[in-house]
Amino acid sequence: MILPARTPETSLLRVLFLGLSTLAAFSLAQMELHVPPGLNKLEAVEGEEVVLPAWYTMAREESSSHPWEAPFLIWFLEQEGKEPKQVLSYFKGSLSNKPGVTLVHSISTRNVSLRLDALQEGDSGTYRCSVNAYDSDGKNIGHSIKTIELKVLVPPAPPSCSFQGVPYVGTNVTLNCKSPRSKPTAQYQWERLAPSSQVFFGPALDTVRGSLKLTNISTAMSGVYVCKAQNRVGFAQCNVTLDVMTGQ
Ligand SMILES: *[C@@H]1O[C@H](CO)[C@@H](O)[C@H](O)[C@H]1NC(C)=O
Ligand SMILES: *[C@@H]1O[C@H](CO)[C@@H](O)[C@H](O)[C@H]1NC(C)=O
Ligand SMILES: *[C@@H]1O[C@H](CO)[C@@H](O)[C@H](O)[C@H]1NC(C)=O
Ligand SMILES: *[C@@H]1O[C@H](CO)[C@@H](O)[C@H](O)[C@H]1NC(C)=O
């Protein structure tokens, strides 16, 4: 391989460029916030707790007594179409936090992980952690921001079961099932319990709407029908009893 001869101009540019990027790296990398790889998008279940992990490091240590810097920490919650909300802040020994929101570790550990207790669906959003570090003269010596996206999932709430139609032999009836709340959206299954148990599939079963269409019903189709509403964080069920009647 033949390398092009270096002209003095390009060498000078290179030196300048290296010099500038070193300077920039030096002043920006004084402090850095870290979020473990892959944990900047978290999912958790409503009612449970979650820890948003974050910590900072200082590039240049000025004293052997740690930490020598005074951190100004703020955790914000950003949600679509809403003003950012401050959920926790800390500066010089004074902590201000929303109920159910705490720091996992003492601030002196430089670990600023946030714990959220008794999660609600409305706690979903982008959590932005901002740390400014000040030296003993009050001079800002570093700033870093990281975000973690939190999605709070909701297991299906108990569904309600009902049926449409008058269950005479030879008619059609539709069984309906609906869970009022779940995230992600619940999928539905219907089954008839013993003695004549049966599991149902499409096209009679609509797993999205929760309906089961029974056509030309017979007395053998009488029984207890159980609907299960399910998503990946849980399930709930309801039942309805079908008594198929003969005659008019
Ligand atoms: C900071 O705290 C979180 C939560 O306890 C933990 O998962 C993480 O490993 C800690 N980071 C460091 C660098 O110790
Ligand atoms: C019952 O359902 C079947 C199949 O969908 C349909 O052909 C029939 O017309 C329905 N009967 C009544 C009474 O609605
Ligand atoms: C309805 O069911 C009865 C008894 O199982 C059967 O004889 C009849 O042909 C069925 N009717 C239709 C429209 O499928
Ligand atoms: C049917 O639902 C009721 C509550 O609505 C419940 O008490 C009962 O145990 C259920 N039965 C079956 C067989 O699932």
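Notes on the structure follow.

Thresholds, definitions, all that
Residues numbered from 1 in each chain as written. Chains lettered and ligands numbered in written order. Predicted model: local features only at pLDDT ≥ 70, side-chain atom pairs only at ≥ 80, totals over all residues. Heavy atoms only, no water. Helix = DSSP H or I, 4+ residues; strand = E, 2+ residues; numbered from the N terminus. Buried < 20%, exposed > 50% of the residue type's maximum accessible area, 1.4 Å probe, protein only. Contact = heavy atoms within 4.5 Å. Areas by Shrake-Rupley, 256 points an atom, 1.4 Å probe, with all protein chains shown as cover. Disulfide = S-S within 2.5 Å. Polar contact = N/O pair within 3.5 Å; in protein donor to acceptor, adjacent residues only side chain to side chain. Pairing = 2+ DSSP bridges. Salt bridge = Lys/Arg side-chain N within 4 Å of Asp/Glu carboxyl O. Core = buried A, V, L, I, M, F, W, Y, C linked by side-chain atoms within 4.5 Å.

Describing the overall build of the protein
Tallying secondary structure elements over the protein gives 1 helix and 19 strands in all. The 248 residues of the protein split such that 34% are buried. A separation of at least 24 residues holds for 59% of the contacts in the protein among residues at least 6 apart in sequence. Accessible surface, the protein as shown: approximately 14,700 Å² in total, 56% of it carbon and sulfur.

Some details on the state of the cysteines
For the coordinates displayed, the defined rule picks out 2 disulfides. Put simply, Cys161 and Cys238 are joined by a disulfide, and their sulfur atoms are 2.0 Å apart. Across the S-S bond of Cys161 and Cys238 the torsion is about 80 degrees, and the bridge reads as right-handed. Taken together, the residues span a long stretch of sequence, with Cys161 in strand β12 (residues 160-164) and Cys238 in strand β19 (residues 234-242) at a distance of 77 residues. Note on accessibility: Cys161 and Cys238 belong to one class, buried. Covalently, Cys177 is tied to Cys227 through a disulfide, its sulfur atoms 2.1 Å apart. Taking the torsion about the sulfur-sulfur bond, which here is approximately -80 degrees, the covalent link between Cys177 and Cys227 counts as left-handed. In this pair, Cys177 sits in strand β13 (residues 173-178) while Cys227 sits in strand β18 (residues 223-231), placing the two residues 50 residues apart along the sequence.

Some remarks on the side chain of Ser89
As for its placement among the helices and strands, Ser89 is situated in strand β6 (residues 85-91). Ser89 gets classed as buried once you look at its relative accessible area, which sits at 11%. Within the structure, Ser89 has its side chain in polar contact with the side chain of Gln86 (distance 3.1 Å). Apart from residues lying up to four places away in sequence, Ser89 is in contact with Leu73, Ile74, Ser94, Leu95 and Ser96.

Notes on the pairing of strand β1 (residues 31-34)
Residues Met31 and Leu33 of β1 are buried on one face, while the alternating residues Glu32 and His34, pointing to the opposite face, are not. Bridge analysis of β1 against strand β4 (residues 55-58) gives 4 bridges, and the strand direction is antiparallel. In the strand pairing of β4, Met31 is matched with Met58.

So, the sheet that holds β12
In spatial order, the strands read β12-β13-β17-β16; together these 4 strands make up an open sheet with antiparallel pairing. If you trace the sheet from one side to the other, it starts and ends with β12 and β16 (205-206), each paired once. Pairing of β13 with strand β17 (residues 211-214) involves 3 bridges; the strand directions are antiparallel. Across the sheet, residue Thr174 finds its bridge partner in β17, namely Lys213.

What to know about the pattern of salt bridges
Going through the model one piece at a time under the given rule, you end up with 6 salt bridges. Among the salt bridges present, the one from Arg115 reaches Glu49, with a minimum N-O distance of 3.7 Å. Of the two residues, Arg115 is situated in strand β9 (residues 114-116) and Glu49 in the loop between β2 (41-45) and β3 (50-52); the sequence distance between them amounts to 66 residues. A relative accessible area of 47% means that Glu49 is categorised as partly exposed. Among the ionic contacts, a cluster of salt bridges with common partners joins Glu46, Glu121 and Arg181.

Points about the nonpolar core
Ranked by size, the top nonpolar core spans 32 residues in total, and within it Leu52, Leu73, Trp75, Leu114, Leu116, Tyr127 and Leu150 carry the most contacts. Leaving out residues up to four positions away in the same chain, Leu52 has contacts with Leu42, Trp75, Ser113, Leu114, Leu116, Tyr127 and Ile148.

Comments concerning the sheet that holds β19
Strands sit in the order β15-β14-β18-β19 across an open sheet of 4 strands; the sheet is antiparallel. Edge positions in the sheet fall to β15 (198-199) and β19, since each has one partner strand and no second. Relative to β19, β18 runs antiparallel, the two being bridged by 9 bridges. Bridge pairing links Asn231 to Gly234 in β19.

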